[in-house]
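One letter stands for each residue in the lines below.
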Amino acid sequence: MPTPKLEVRGVTKSFGQAGTRHVPVLSDLSFTVADLEFVAVIGPSGCGKSTFLRIVDGLIAADSGSVLLDGVEVTGPGFGRGMVFQSFELFPWRTAIENVAFGLEILDLPAAKRREIAQHYIALVGLSGFEQAYPFQLSGGMQQRVGIARALAIRPTILLMDEPFGALDVQTRDLLQDELLQIWQREQKTVLFVTHSIEEALYLADRIIVFTPRPARIDRIIDVPFARPRSEDLKTQGPFLELRREIWSILKAGIRI
């Protein structure tokens with residue numbers, strides 16, 4: 001049996017220091033992600049999805065449990081993981097191509113090689129001609145394309161995406177969903193995608209991991225039955241809508257207002 005690309009073993013996390021309220025966030029999360037699989041994580045707002053993704057990225061440590069990438073335990077940030085944030089997180093003083101090349105600078109690649117790689121990924125996300133634009137000169141959707149290109153430029157083995165389209169308008173989000181699927185198919189990357197949108201998870205993913213309210217546990221893991229490639233009209237078809245209703249009923253059952 002092949003080693004999973006990503007293995008999560010009993011990850012538990014709480015926040016709070018001595019003398020402050022102890023807030024449990026994640027409780028005993030365990031699952032695997034296969035190589036080249038697209039897995040979405042959904043759950044109620046505030047349940048710990050973003051915290052979990054940061055643990056996978058090595059940005060924060062779990063209280064207990066472990067995360068393994070290609071069989072090696074994650075103990076801190078590393079270039080095997082490419083992270084795309086909801087809030088873009090671009091450097092405002094850098095042009096688009098300079099933002100994309102940032103991770104390559106840390107890798108200490110020669111300037112000409114950095115520019116060649118960055119130019120390739122700028123083109124991949126459809127931003128040729130905007131290399132010298134600063135973030136304030138780009139729309140939200142264009143800024144997120146820069147963020148995706150930056151994550152891909154370091155050639156990670158897994159792409160981690162934290163509600164990357166959550167701050168965008170509906171039309172831009174739908175367009176970027178299709179572009180992401182095309183990029184995923186061309187680049188052959190494993191993707192772990194956090195979202196609050198059931199429709200988005202169903203449209204993009206091979207499997208959906210449903211978290212309970214905080215502290216997040218795995219309620220269930222759902223195989224998405226729709227063939228690829230997928231197109232926009234899938235979202236209006238009966239089986240898609242029925243599975244959407246089923247997942248919403250799972251989430252709604254756990255929410256307490």
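This one's a predicted model, so the numbers in the text were calculated from it and none came from an experiment.

## Points about a nonpolar patch on the surface
So, point 1. Residues Phe-79, Ile-106 and Leu-107 make up a contiguous nonpolar surface patch of about 250 Å² in total accessible area.
So, point 2. Counting through the fold element by element, Phe-79 comes out in the loop between strand E5 (72-73) and strand E6 (81-84).
So, point 3. The class for Phe-79 is partly exposed, based on a relative accessible area of 35%.

## Regarding the sheet that holds E5
So, point 1. Across the sheet, four strands lie side by side as E2-E1-E4-E5; this open sheet has antiparallel pairing. A single partner strand is all that each edge strand has here, and the edge strands are strand E2 (23-33) and E5.
So, point 2. Bridging between strand E1 (residues 6-15) and E2 involves seven bridges; their strand directions are antiparallel. Bridge pairing in E2 places Val-11 opposite Leu-29.

## Observations regarding the layout of surface pockets
So, point 1. Approximately 430 Å³ is the volume found for the largest pocket.
So, point 2. Along the walls of the largest pocket sit 17 residues, with Met-83, Phe-85, Phe-102, Arg-150 and Ile-154 positioned nearest its centre.
So, point 3. Of all the secondary structure elements, the ones that give two or more residues to the lining of the largest pocket are E6, helix H3 (102-106) and helix H5 (140-153).
So, point 4. Residues of the lining of the largest pocket, tallied by class, amount to 10 nonpolar, three polar and four charged.
So, point 5. Residue lining of the second largest pocket: 13 residues in total, with Ile-60, Ala-61, Ala-62, Val-74 and Thr-75 positioned closest to the centre.
So, point 6. Grouping the amino acids of the lining of the second largest pocket by side-chain chemistry returns seven nonpolar, five polar and one charged.

## A few points about the packing of aromatic side chains
The relation between two aromatic rings is expressed through the spacing of the ring centres and the mutual angle of the planes.
So, point 1. Under the counting rule described, the total for this entry stands at nine aromatic pairs.
So, point 2. Look at Phe-31 and Phe-52: their rings are 5.7 Å apart centre to centre, the planes differ by 50°, and that puts the pair in the tilted class. One end of the pair, Phe-31, is in strand E2; the other, Phe-52, is in helix H1 (residues 49-57), and 21 residues separate them in sequence. Accessibility assignment for this pair places Phe-31 and Phe-52 in one class, buried.
So, point 3. Three or more aromatic residues joined by ring pairs make a cluster, and in this case those are Phe-38, Phe-165, Trp-184 and Phe-193.
So, point 4. Note that Lys-235 overlies the ring of Tyr-203, its terminal NZ or CZ placed 4.4 Å from the centroid.

## Points about the pattern of salt bridges
So, point 1. Evaluation of the coordinates by the stated rule reveals 15 salt bridges.
So, point 2. Between Glu-7 and Arg-9 there is a salt bridge, with the nearest N and O atoms lying 3.1 Å from each other.
So, point 3. The exposure class of Glu-7 is partly exposed, given its relative accessible area of 22%.
So, point 4. According to the relative accessible area criterion, Arg-9 is partly exposed, its value standing at 42%.
So, point 5. Asp-162 is the partner of Arg-54 in a salt bridge, and the nearest nitrogen-oxygen pair spans 2.7 Å. Residue Arg-54 is found in helix H1, and its partner Asp-162 is found in strand E7 (residues 158-162); the two are separated by 108 residues along the sequence.

Rules and cut-offs
Residues numbered from 1 in each chain as written. Predicted model: local features only at pLDDT ≥ 70, side-chain atom pairs only at ≥ 80, totals over all residues. Heavy atoms only, no water. Patch = residues over 30% accessible without salt bridge, like charges linked within 9 Å, V, L, I, M, F, W, Y side chains within 5 Å. Areas by Shrake-Rupley, 256 points an atom, 1.4 Å probe, with all protein chains shown as cover. Salt bridge = Lys/Arg side-chain N within 4 Å of Asp/Glu carboxyl O. Helix = DSSP H or I, 4+ residues; strand = E, 2+ residues; numbered from the N terminus. Buried < 20%, exposed > 50% of the residue type's maximum accessible area, 1.4 Å probe, protein only. Pairing = 2+ DSSP bridges. 1 Å grid on protein atoms, 1.4 Å probe; cavity = no way out; pocket = protein on both sides within 12 Å on 5 of 7 lines; lining within 4 Å. Points joined across faces, edges and corners; volume = space filled by probe spheres on them. Nonpolar A, V, L, I, M, F, W, Y, C, P; charged D, E, K, R; others polar. Phe/Tyr/Trp six-rings, centres within 6.5 Å; stacked < 30°, edge-to-face > 60°. Lys NZ or Arg CZ within 6 Å of the ring centre and 35° of its normal.

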